[in-house]
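Secondary and tertiary structure notes
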Amino acid sequence: MANRTILGICGSLRSKSYNRSALQAAGEVLPEGMTLRIADYRQIPLYDHDLESSGMPSAVLQLAQEIRSADALVIASPEYNFSISGVLKNAIDWLSRVPDQPFKDKPVALMSASLGPVGGARHQYEVRKILGCLEALVMPKPEVFINLCQPKFDADGRLVDAAARKAVADQMQALGRWTGRLLGE
Ligand SMILES: Cc1cc2nc3c(=O)[nH]c(=O)nc-3n(C[C@H](O)[C@H](O)[C@H](O)COP(=O)(O)O)c2cc1C
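The rules we used
In every chain, residue numbers begin from 1 and rise along the written sequence. In keeping with the model being predicted, local features are shown solely for residues with a pLDDT of at least 70 and side-chain atom pairs are shown and tallied solely at 80 or more, while totals for entire chains, interfaces and linings include all residues. Note: side-chain values were computed over all heavy atoms of the structure, leaving out hydrogens and water. When DSSP finds at least two bridges between two strands, those strands are taken to pair. Per the convention used, a helix needs a DSSP run of H or I reaching at least four residues, while a strand needs a run of E reaching at least two, with both numbered from the N terminus. Clockwise travel from the first strand over the helix to the second, with the strands pointing away from the viewer, marks a crossover as right-handed. The classification of residues rests on relative accessible area computed with a 1.4 Å probe and restricted to protein chains. Under 20% of the type maximum is buried, over 50% is exposed, and intermediate values are partly exposed. Should any heavy atoms of two residues lie within 4.5 Å, those residues are considered in contact. Stacked, tilted and edge-to-face are the three classes assigned to paired rings of Phe, Tyr and Trp, where Trp is represented by its six-membered ring and a pair needs centres within 6.5 Å; plane angles under 30 degrees give stacked, over 60 edge-to-face, the rest tilted. The axes are straight lines fitted to the C-alpha atoms, using for helices just the contacting stretch, and the angles between their N-to-C directions are given from 0 to 180°. Each angle gets one of four labels, with under 35 degrees taken as roughly parallel, over 145 as roughly antiparallel, 65 to 115 as roughly perpendicular, and the rest as oblique. Here the nonpolar group is Ala, Val, Leu, Ile, Met, Phe, Trp, Tyr, Cys and Pro; Asp, Glu, Lys and Arg are the charged ones; every other residue, Gly included, is treated as polar.

With that out of the way, let us pick up the pairing of strand 2 (residues 34-38). Strand direction decides the pairing type here: strand 1 (residues 4-10) and strand 2, joined by five bridges, are parallel. For T5, the partnering residue across the bridge sits in strand 2 and is T35. Once the chain exits strand 1 it traverses helix 1 (residues 18-28) before rejoining the sheet at strand 2, and the crossover so formed is right-handed.

As a further point, take the side chain of S77. Residue placement: S77 occurs in the loop between strand 3 (72-76) and helix 4 (86-95). Here S77 falls in the buried class, since its relative accessible area comes to 0%. Sequence-distant contacts of S77, that is, excluding residues within four places in its chain, are made with G11, N19, S85, L88, M111, S112, A113 and H123.

Our next topic: the packing of aromatic side chains. A full pass over the atoms with the stated rule returns three aromatic pairs. An angle of 65° between the planes, with centres 4.7 Å apart, marks the rings of Y47 and W94 as edge-to-face. Here the residue Y47 occupies a position in the loop between strand 2 and helix 2 (49-53), and W94 occupies one in helix 4, the gap between them amounting to 47 residues. Judged by relative accessible area, which is 30%, Y47 ranks as partly exposed. What makes W94 buried here is its relative accessible area of 0%. Plain terms: the ring middles of Y125 and F145 are 6.5 Å apart, the flat faces sit at 50° to each other, and that makes the pair tilted. Separated by 20 residues along the polypeptide, Y125 in helix 5 (residues 121-133) and F145 in strand 6 (residues 144-146) bring together distant segments of the chain.

Two numbers describe how helix 4 lies on helix 5: the axes approach to 12 Å, and their chain directions differ by 5°. One finds that helix 4 runs roughly parallel with respect to helix 5. Residues L88, K89 and I92 of helix 4 lie in contact with helix 5, whose contacting residues are H123, V127, I130 and L131. Taken together, the residues of the contact of helix 4 with helix 5 sort by class into five nonpolar, one polar and one charged.

Another point: the pairing of strand 4 (residues 107-113). Taking burial as the measure, the seven residues of strand 4 include seven buried ones, the bulk of the element. Of the two faces of strand 4, both are covered, the one formed by P107, A109, M111 and A113 as well as the one formed by V108, L110 and S112. Here strand 3 runs beside strand 4; their pairing, made up of four bridges, is parallel. Opposite A76, over in strand 4, you have M111 as the bridge partner. With helix 4 bridging strand 3 and the parallel strand 4, this β-α-β connection has right-handed handedness. Taken together, the two bridges between strand 4 and strand 5 (residues 137-138) define a ladder with parallel strand orientation.

Below you can see the structure in the form of structure tokens.
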């Protein structure tokens, strides 16, 4: 597998976020040559067109550059009220306003961990729709839904459920292939 840099974007700001833990698990099971780091974008303000008119916030420009520099993205986010988390949508809305918007043609994998029975599926289908608008190349399969997730993580937040870890590992293998395919390799 060729060297690939993956940027993880978590849709939860919670310090013990299961979704951030899922991203950390993804980093542990990557194919050889792939590396993953998780973006910190909590400094991005609420979207405000007036603020944009006075200059794009530096935190937005920084995240945009991190996305451009990455070969691919993994977005892990909880479902909030059957839909996308406001934190993630706010960041995406800002990023959509940056010249040379960074999602265009970017390979993306989606995963979600949630306490509910459908594992964040309703969030993922919202994100697919939104990223379609931005011409990101979201991998169709395999999907990763870590449902009823609390017992699947240990007290330190490590993803310990064997089936969930395998699903994450399989998705990272597929993301490596998806990225190579899109790069014409
Ligand atoms: C505002 C809010 C709305 C939520 N709505 C849902 C929901 O629609 N479906 C679901 O499965 N869990 C829902 N949850 C519970 C989340 O699955 C749970 O808080 C999860 O731990 C969030 O992910 P995190 O651990 O990465 O922060 C909701 C939580 C919050 C705070």
